[in-house]
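Residue-level listing of the chains:
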Amino acid sequence: MQNDYRKEIKLKIAITLNLLLAKKKKASTEKLRKEDIVDSYNEIALNADIRKATVSDTFNARTIPNSLTLIEIVEAMDFNLNDFGKVYDSITTNQIIEFNKK
């Protein structure tokens, strides 16, 4: 039971981060200068001063990040925990199922 709960958390974190990244990418094509937008795993890793593999593992639900790593990733994308929490809380079971299929 606890493993299922941890897996759901890991998936919801990954989905949330991917949605926030998609939002950043959309913003970069709409109005902001490309160089002002952090929209890749590499740029996130550089801004957060963490390994690119850590970012990739988190975005692809291979690991549950510790709280510091999660905060660093979120802030490296120019979001805050409130932004993260709103998206995280809105994740549906269908989104989890679809992400898990990938």
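Numbers given for residues are sequential positions, taken from 1 along each chain in its written order. Residues qualify for local features only when their pLDDT is at least 70, as the model is predicted, and side-chain atom pairs are given and counted only at 80 or more; totals for whole chains, interfaces and linings, by contrast, use all residues. Side-chain numbers come from the whole structure's heavy atoms, not from hydrogens or water.

1. Considerations on the overall build of the protein chain
Logical step 1: Check the secondary structure of the protein chain and you find six helices and zero strands.
Logical step 2: Secondary structure elements of the protein chain, listed N to C terminal, follow the sequence α-α-α-α-α-α.
Logical step 3: Of the contacts made within the protein chain by residues no fewer than 6 positions apart, 63% connect residues no fewer than 24 positions apart.
Logical step 4: Areas reported as accessible are Shrake-Rupley estimates using a 1.4 Å probe. Residue values count occlusion only from the protein chains shown. In the form shown here, the protein chain has an accessible surface area of approximately 6,600 Å², with 48% of it arising from carbon and sulfur atoms. Helix and strand labels come from DSSP, where a helix needs a run of H or I of at least four residues and a strand needs a run of E of at least two; each type is numbered from the N terminus. Any pair of residues with heavy atoms lying within 4.5 Å of one another is described as a contacting pair.

2. Some points on the side chain of Lys12
Logical step 1: Relative to the helices and strands, Lys12 resides in helix H1 (residues 2–30).
Logical step 2: A 1.4 Å probe rolled over the protein chains alone gives each residue an accessible area, and that area as a share of the maximum for its type sets the label: buried under 20%, exposed over 50%, partly exposed in between. This count recognises Lys and Arg as positive and Asp and Glu as negative, with His and chain-terminal groups excluded. Definition used for salt bridges: Asp or Glu carboxyl oxygen within 4 Å of a side-chain nitrogen of Lys or Arg. Of the side chains with opposite charge, Glu8 lies nearest to the buried Lys12, which makes no salt bridge, at 4.7 Å.
Logical step 3: In contact with Lys12, other than residues within four places in its own chain, are Tyr88, Ile91 and Ile96.

3. Considering the confidence of the model for the protein chain
Logical step 1: Per-residue confidence from the predictor is given as pLDDT, running between 0 and 100. The pLDDT averaged across the protein chain works out to 90; a share of 87% of its residues lies at or above 70.
Logical step 2: Mean pLDDT per element in the protein chain: H1 is the minimum at 90, and helix H5 (residues 81–90) is the maximum at 98.

4. Notes on the packing of helix H2 (residues 41–48) against helix H4 (residues 67–76)
Logical step 1: Following both chains from N to C, one finds H2 and H4 inclined at 115 degrees, their axes separated by 8 Å at the closest point. Overall, the two elements H2 and H4 adopt an arrangement that is roughly perpendicular. In this structure, the crossing between H2 and H4 has a hand that is right-handed. Side by side, H2 and H4 meet where Ile44, Asn47 and Ala48 of the first sit next to Glu72, Ile73 and Ala76 of the second. Axis definition: a line fitted to C-alpha atoms, over the contacting stretch in the case of helices. Angles run 0 to 180 degrees between N-to-C directions. Oblique is the label for any angle not covered by the other classes, which are roughly parallel (under 35 degrees), roughly antiparallel (over 145) and roughly perpendicular (65 to 115). Crossings are sorted by hand: turned counterclockwise from the far helix by less than a right angle, the near helix makes the crossing left-handed, and turned clockwise it makes it right-handed.

5. Some details on H2
Logical step 1: All of the buried residues along H2 are Ile44, Ala45 and Ala48. Looking down the long axis of H2, one finds its buried residues gathered within 100 degrees of arc, a one-sided arrangement. Turned more than 90 degrees off the buried face of H2, the exposed positions are Leu46 and Asn47.
Logical step 2: In the stretch just after H2, Asp49 is the one whose phi turns positive, near 60 degrees. Within this analysis, the arc is defined by the directions that extend from the helix axis to the C-beta atoms.

6. A closer look at the pattern of salt bridges
Opposite charge on two side chains makes pairing possible when the charged atoms of those side chains draw close.
Logical step 1: Evaluated as defined, the whole model comprises two salt bridges.
Logical step 2: Among the salt bridges present, the one from Glu98 reaches Lys101, with a minimum N-O distance of 3.3 Å. You can see Glu98 and its partner Lys101 sitting in helix H6 (residues 93–101), three residues apart, about one turn around the helix.
Logical step 3: Residue Lys101 is classed as exposed on the basis of its relative accessible area, which comes to 62%.

7. A look at the layout of surface pockets
Logical step 1: Only protein atoms enter the calculation, which uses a 1 Å grid: trapped sets of points that fit a 1.4 Å probe without letting it out are cavities, open sets showing protein on both sides within 12 Å along at least five of seven lines are pockets, and any residue with an atom within 4 Å of a point is a lining residue. Grid points are joined across faces, edges and corners, and a volume is the space filled by probe spheres set on the points. Roughly 160 Å³ of volume is contained in the largest pocket.
Logical step 2: What lines the largest pocket is simply Lys7, Lys10, Leu11, Asn18, Tyr41, Phe59, Asn60, Ala61, Phe99, Asn100 and Lys102.
Logical step 3: If you list the elements that add at least two residues to the lining of the largest pocket, you get H1 and H6.
Logical step 4: Per element, the largest residue contribution to the lining of the largest pocket is four residues, and it comes from H1.
Logical step 5: All residues other than Ala, Val, Leu, Ile, Met, Phe, Trp, Tyr, Cys, Pro, Asp, Glu, Lys and Arg, Gly among them, are scored as polar; the first ten of these are nonpolar and the last four charged. By residue class, the composition of the lining of the largest pocket is five nonpolar, three polar and three charged.

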